[in-house]
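A structural walkthrough
Chain by chain, the residues run as shown.
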Protein chains: 2
Amino acid sequence: MADTASQGGETLLFLTDEQLRKGIEAMFFAYRGFTADPDRILEHHGYGRAHHRAIHFINREPGLTVTTLLSVLGVTKQSLNRVLRTLIEDGLVESRVGKRDKRERHLYLTDAGGVLERELSGAQRERMRLAYRTAGPQAVAGFRQVLEAMMDPEMRRQYQMLKDTA
Amino acid sequence: MADTASQGGETLLFLTDEQLRKGIEAMFFAYRGFTADPDRILEHHGYGRAHHRAIHFINREPGLTVTTLLSVLGVTKQSLNRVLRTLIEDGLVESRVGKRDKRERHLYLTDAGGVLERELSGAQRERMRLAYRTAGPQAVAGFRQVLEAMMDPEMRRQYQMLKDTA
DNA sequence: CTTGGAAAGTCAACAAGGCTGACATAAAGT
DNA sequence: ACTTTATGTCAGCCTTGTTGACTTTCCAAG
């Protein structure tokens, strides 16, 4: 940590293969940490990451359509549907027929869904908060900048669309 | 991007739920980008991410034992073995019986394995290089600091052990 | 030298969560 | 009236994770 900090200050950035490989491994290990807490919670609810992702984005933008969620998640409708069906059956998600366009289904979290969402995001936010606090404000800005630059253009578009909504 | 930059400068860091949620989503979308290039390459070789991870760490530390690899990857030996077997059968990985302890199997990439490794890591490094260049040196340092702080202690240990080896 | 236990591998069965293809239905748009 | 769109569903496949049971090999301690 000490060396990365000094290196980020005023010195030049040497993009050696070694540097880049460390970044790659940092992503690998950090993503494991990132998903660890929700995974534990989901497990004794009988759900998986796919359910988490659906819940997250339905909470993020209540009333979004199935097609929108599909494109955000980047999976097939068959795959999403399997997850969505169980969430609806279990009473965590509600699917309402569209007012203007009755073909569309608008998705909302129920009260029970909201409870699970807060349980999941609470754990994840807590880890993120600790990481942010440990690393400091400058690090946080850099973190987001690099991640954003790492996205595919299409994903970046999705990310930025969601970015300033709430 | 402009707002995250100014925010990271001298202003205080407000760890609002909204801020944290943006970090969470950034991880989600960035990880997709992070794995996209290797996934494409692996596909027309008939392999998956599990193969990539094995190849990466075998290349990283040639001669490591199966047990070591197991603990780095965090999967069961049955799961790893399935992947490892195909890689050995296909002549990308060589498994040598340990000299001192003949129970141990030491893993090495063959020439063909090295070729695929360079193809995979080349693509991934290129994306990382571009992201680093776009974000700048300060951002890179922050990126690594936050990721490191986000890891579980056990993973961080693994990461740091590998960190200064090469 | 025998035996306990560690390291490695294997077989079987299962689940989650991706995928494709085919097909059905309702509603909107032309 | 016809086409397109949004959604859902059935069937089947693959990868990659899991558990449990079992074997073989071999080091090391008694």
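What counts and what doesn't
- Residues numbered from 1 in each chain as written.
- Chains lettered and ligands numbered in written order.
- Predicted model: local features only at pLDDT ≥ 70, side-chain atom pairs only at ≥ 80, totals over all residues.
- Heavy atoms only, no water.
- Pairing = 2+ DSSP bridges.
- Helix = DSSP H or I, 4+ residues; strand = E, 2+ residues; numbered from the N terminus.
- 1 Å grid on protein atoms, 1.4 Å probe; cavity = no way out; pocket = protein on both sides within 12 Å on 5 of 7 lines; lining within 4 Å.
- Points joined across faces, edges and corners; volume = space filled by probe spheres on them.
- Nonpolar A, V, L, I, M, F, W, Y, C, P; charged D, E, K, R; others polar.
- Near = heavy atom within 4 Å.
- Polar contact = N/O pair within 3.5 Å; in protein donor to acceptor, adjacent residues only side chain to side chain.
- Salt bridge = Lys/Arg side-chain N within 4 Å of Asp/Glu carboxyl O.
- Least-squares fit on C-alpha atoms with pLDDT ≥ 70 in both.
- Contact = heavy atoms within 4.5 Å.
- Expected span 1.5 Å × (residues − 1).
- Buried < 20%, exposed > 50% of the residue type's maximum accessible area, 1.4 Å probe, protein only.
- Axes fitted to C-alpha atoms, helices over the stretch in contact; angles between N-to-C directions.
- Parallel < 35°, antiparallel > 145°, perpendicular 65-115°, else oblique.
- Buried area = accessible area lost by both parts, 1.4 Å probe.

1. Some remarks on the sheet that holds strand β3 (residues 105-109) of chain B
Residues and elements named next belong to chain B. Taken together, the 3 strands give an open sheet; going across it, the order is β1-β3-β2, and neighbouring strands pair in antiparallel fashion. A strand with exactly one partner marks an edge of an open sheet, and here the two such strands are β1 (64-65) and β2 (93-97). Pairing of β2 with β3, which is carried by 5 bridges, proceeds in the antiparallel orientation. Along β3, the bridge assignment pairs Glu-94 with Tyr-108.

2. A short note on the layout of surface pockets
Of the volumes computed, that of the largest pocket is approximately 670 Å³. The wall of the largest pocket is formed by 27 residues, among which Tyr-31 and Arg-49 of chain A together with Tyr-31, Arg-49 and Arg-53 of chain B lie closest to the centre. Within the residue set of the lining of the largest pocket, elements represented by two or more residues are α2 (17-43) and α3 (49-60) of chain A together with α2 (17-43), α3 (49-60) and α5 (77-89) of chain B. Taken together, the residues of the lining of the largest pocket sort by class into 15 nonpolar, 3 polar and 9 charged.

3. Things to note about the protein's contact with DNA strand C
Residues in close proximity to DNA strand C total 25 residues, the closest being Gly-48, Arg-53 and Arg-82 of chain A together with Thr-67 and Lys-77 of chain B. For DNA strand C, the fraction of protein-proximal atoms (within 4 Å) that sit in sugar or phosphate groups is 56%. Here a phosphate oxygen of DNA strand C and a backbone polar atom of Thr-76 of chain A are 2.7 Å apart. Between Lys-102 of chain A and DNA strand C, the recorded distance is 3.1 Å, taken from a backbone N or O atom to a phosphate oxygen. Of all the secondary-structure elements, those providing two or more residues to the surface near DNA strand C are α3 and α5 (77-89) of chain A together with α4 (66-73) and α5 of chain B. For the surface near DNA strand C, a count of residues per class yields 3 nonpolar, 10 polar and 12 charged.

4. Points about the pattern of salt bridges
Working definition: two side chains of opposite charge can pair if their charged atoms are close together. In total, this model carries 24 salt bridges over all chains according to the counting rule given. Residues joined by salt bridges that share partners form a network here, namely Glu-18, Arg-21 and Glu-25 of chain A together with Arg-60 of chain B.

5. Quick word on the relation of the copies chain A and chain B
The second copy of the chain is related to the first by a rotation about an axis and a shift along the axis. Superposing chain A onto chain B requires a rotation of 180° together with a translation of 0.0 Å along the rotation axis, leaving an RMSD of 0.1 Å. Expressed as an axis order, the relation between the two copies is that of a two-fold axis. Within chain A, Phe-143 of chain A has its C-alpha nearest the rotation axis, a separation of 1.9 Å. Same-surface contact between copies: 100% of interface residues of chain A are shared with the interface of chain B.

6. Quick look at α3 of chain B
For α3 of chain B, with 12 residues, the first-to-last C-alpha span of 16 Å sits near the 16 Å given by 1.5 Å per residue. Taken together, the buried positions of α3 of chain B are His-51, His-52, Ala-54, Ile-55, His-56, Phe-57, Ile-58 and Arg-60 of chain B.

7. Let's talk about the packing of α3 of chain B against α5 of chain B
All names here are of chain B. Following both chains from N to C, one finds α3 and α5 inclined at 70°, their axes separated by 10 Å at the closest point. As judged from the angle between their axes, α3 and α5 are roughly perpendicular. Counted together, Ala-50, His-51, Ala-54, Ile-55 and Ile-58 of α3 and Val-83, Leu-84, Thr-86 and Leu-87 of α5 form the full contact between these two elements. Its residues placed into classes, the contact of α3 with α5 shows 7 nonpolar, 2 polar and no charged.

8. Quick notes on the protein's contact with DNA strand D
What surrounds DNA strand D is a group of 24 residues, the closest being Thr-67 and Lys-77 of chain A together with Gly-48, Arg-53 and Arg-82 of chain B. Here a phosphate oxygen of DNA strand D sits 3.3 Å away from a polar atom, N or O, in the side chain of His-51 of chain B. In this structure, Gln-78 of chain B approaches DNA strand D through a side-chain N or O atom, which is 2.9 Å from a base oxygen. Put simply, the parts of the chain that give the surface near DNA strand D at least two residues each are α4 (66-73) and α5 of chain A together with α3 and α5 of chain B. For the surface near DNA strand D, a count of residues per class yields 3 nonpolar, 9 polar and 12 charged.

9. Here's the deal with the interface of chain A and chain B
Taken together, the contact pairs 66 residues of chain A with 66 residues of chain B. When residues of chain A are sorted by the area they lose upon contact with chain B, Ile-24, Phe-29 and Met-150 of chain A head the list and together hold 9% of the total. Linking chain A with chain B are 6 salt bridges. Residue Glu-25 of chain A pairs with Arg-60 of chain B through a salt bridge whose shortest N-O separation is 2.9 Å. Summed over the shared surface of chain A and chain B, the result is 16 residue pairs in polar contact (both at pLDDT 80 or more).

10. Observations concerning the packing of helix α6 (residues 111-135) of chain A against helix α7 (residues 137-150) of chain A
Residues and elements named next belong to chain A. Two elements in contact, α6 and α7, have axes separated by 7 Å at closest approach and are oriented at 120°. Between α6 and α7, the crossing angle belongs to the class labelled oblique. Facing α6, whose interface residues are Met-128, Tyr-132 and Ala-135, α7 presents Ala-139, Val-140, Phe-143 and Arg-144. Classifying every residue of the contact of α6 with α7 gives 6 nonpolar, no polar and 1 charged.

11. Section: the pairing of strand β3 (residues 105-109) of chain A
Direction of pairing for strand β1 (residues 64-65) of chain A relative to β3 of chain A: antiparallel, over a ladder of 2 bridges. In the sheet register, Thr-65 of chain A faces β3 of chain A, and the bridge partner there is His-106 of chain A.

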